[in-house]
Amino acid sequence: MRAAATLGSSQPAITRALREAEAVVGAPLFHRRPRGMAPTEVGQIFLEAARSALGALRSAAEEIDEFCRVGARPVRVGTNLASAYSLLPHALIALKRTHPSISVSVTEGSPDDLAVALRRGDIDMVVGRLDSGITSATTHSIRLYDEPVRLIVRSEHPATALRDAHIADVIDYPWILPQRATRLRGDVEELFHRAGLSLPGNVIECSTVVTLRPILLETDAIAPLPMLIGVNDEELAVLPTQLPTVPRSIGVTVVADKPASDSVRTLFDIVVEIGRAIARDHYPGQV
């Protein structure tokens, strides 16, 4: 009864539609229980597919509305900490200078979450760190540059006076560490382990620049971050401490077998152009 009321239909019509669906699938979709109905294993698969189909229809309706309104399809971009502060903003600025009618929505997330969103079609491209979660046989990626992780502080931080500081020399400051279960957090923990040190005692866990930047500016906190975050911000500085971590490969990824719209191709080309300019300016040895 509740399902019929929610859908604005009659109970017999809902029952008939359910039976027709079960006939097509060839298996029961729901268990009937005293307090209602619950999906079977097959029903759960069916519901997940139905949600995906409905999501695709909603996305198509939004794209059609946008195209009819401005004459260009929107672009949905996924990004992460590695590119959200430098590569993607500059690419979007360049896009808007030449194609102001193209609207862009940006979603920030972990590489694993963005990989899932890309496969589902929830986003059109990922701009940021390339790793096994993003790159696969079903995607097309272009590596633009490798960016090291460095220790970032406010420009007037006392540790900036150190010429060749070891990580042990700055461990007693407050730290902002990446969230647990992230790849960068694992690298940072390995860094302290190699130095024979425990993790700092005064820690905030945060991977969002919009949150951690004010903390860096107002305190003596230290944060291991992609190097360009410190280089491109006049109020921040990069400590001379060398971190023997593997540089992060930064690039752009799309689904390999999905035809890209003109808008997606335009932003893709701009991201590649901006990324190669960053490589020339900051990492000339990689060009």
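Preceding this section is the structure that the text describes.
The following paragraphs examine the structure supplied in this document. (Residues numbered from 1 in each chain as written. Predicted model: local features only at pLDDT ≥ 70, side-chain atom pairs only at ≥ 80, totals over all residues. Heavy atoms only, no water.)

### Overview of the side chain of R76
Here is step 1: By secondary structure assignment, the location of R76 is in strand β3 (residues 75–79).
Here is step 2: At 3.0 Å, the side chain of R76 forms a polar contact with the backbone oxygen of G121. (Helix = DSSP H or I, 4+ residues; strand = E, 2+ residues; numbered from the N terminus. Polar contact = N/O pair within 3.5 Å; in protein donor to acceptor, adjacent residues only side chain to side chain.)

### Some points on the sheet that holds β3
Here is step 1: Across the sheet, which stays open at both edges, the five strands sit in the order β4-β3-β5-β12-β6 with mixed pairing between neighbours. Edge positions in the sheet fall to β4 (104–108) and β6 (139–147), since each has one partner strand and no second. When the angles between neighbouring strand axes are averaged without regard to direction, this sheet yields 20°.
Here is step 2: Across five bridges, β3 lies against β4 in parallel orientation. Bridge pairing in β4 links V77 to V106.
Here is step 3: Against the sheet, helix α6 (residues 111–120) makes contact with β3, β4, β5 (125–129), β6 and β12 (248–255), and its axis sits at roughly 165° relative to β5, the strand it touches most.
Here is step 4: The sheet strands contacting helix α10 (residues 262–282) are β3, β4, β5, β6 and β12, and the helix crosses β6 at an angle near 25°. (Pairing = 2+ DSSP bridges. Axes fitted to C-alpha atoms, helices over the stretch in contact; angles between N-to-C directions. Contact = heavy atoms within 4.5 Å.)

### Let's talk about the nonpolar core
Here is step 1: Ranked by size, the top nonpolar core spans 28 residues in total, and within it L87, M125, V127, Y145, V252 and V271 carry the most contacts.
Here is step 2: Broken down by secondary-structure element, the contributors of at least two residues to this core are β3, α5 (87–98), β5, β6, α9 (227–231), β12 and α10.
Here is step 3: At nine residues, α10 tops the list of elements feeding residues into this core.
Here is step 4: Counting 17 residues, the second largest nonpolar core, distinct from the first, contains A159, I167, L177 and A237. (Core = buried A, V, L, I, M, F, W, Y, C linked by side-chain atoms within 4.5 Å. Buried < 20%, exposed > 50% of the residue type's maximum accessible area, 1.4 Å probe, protein only.)

### Section: a nonpolar patch on the surface
Here is step 1: A surface patch of nonpolar side chains, about 330 Å² in accessible area, is lined by V24, V25, V42 and F46.
Here is step 2: Of all elements in the fold, only α2 (11–25) and α3 (41–70) reach the threshold of two or more residues within the nonpolar patch.
Here is step 3: In this fold, F46 is placed in helix α3. (Patch = residues over 30% accessible without salt bridge, like charges linked within 9 Å, V, L, I, M, F, W, Y side chains within 5 Å. Areas by Shrake-Rupley, 256 points an atom, 1.4 Å probe, with all protein chains shown as cover. Salt bridge = Lys/Arg side-chain N within 4 Å of Asp/Glu carboxyl O.)

### Considerations on the pairing of strand β2 (residues 36–39)
Here is step 1: Direction of pairing for strand β1 (residues 30–33) relative to β2: antiparallel, over a ladder of four bridges. If you follow H31 over to β2, its bridge partner there is A38.
Here is step 2: What sits between β1 and β2 in their antiparallel hairpin is a turn of two residues.

### Section: the packing of aromatic side chains
Here is step 1: Evaluated as defined, the whole model comprises two aromatic pairs.
Here is step 2: Taking the centre distance of 5.7 Å and the plane angle of 25° together, the rings of Y145 and Y283 count as stacked. Taken together, the residues Y145 in strand β6 and Y283 in the segment after α10 connect sequence positions 138 residues apart. Comparing Y145 with Y283 shows no difference in burial state: the two are buried.
Here is step 3: Taken together, a centroid distance of 5.3 Å and an interplanar angle of 70° make the contact between W175 and F192 edge-to-face. Taken together, the residues W175 in strand β8 (residues 175–177) and F192 in helix α7 (residues 183–194) connect sequence positions 17 residues apart.
Here is step 4: For W175, a relative accessible area of 2% translates into the label buried.
Here is step 5: By relative accessible area, F192 is classed as buried at 1%. (Phe/Tyr/Trp six-rings, centres within 6.5 Å; stacked < 30°, edge-to-face > 60°.)

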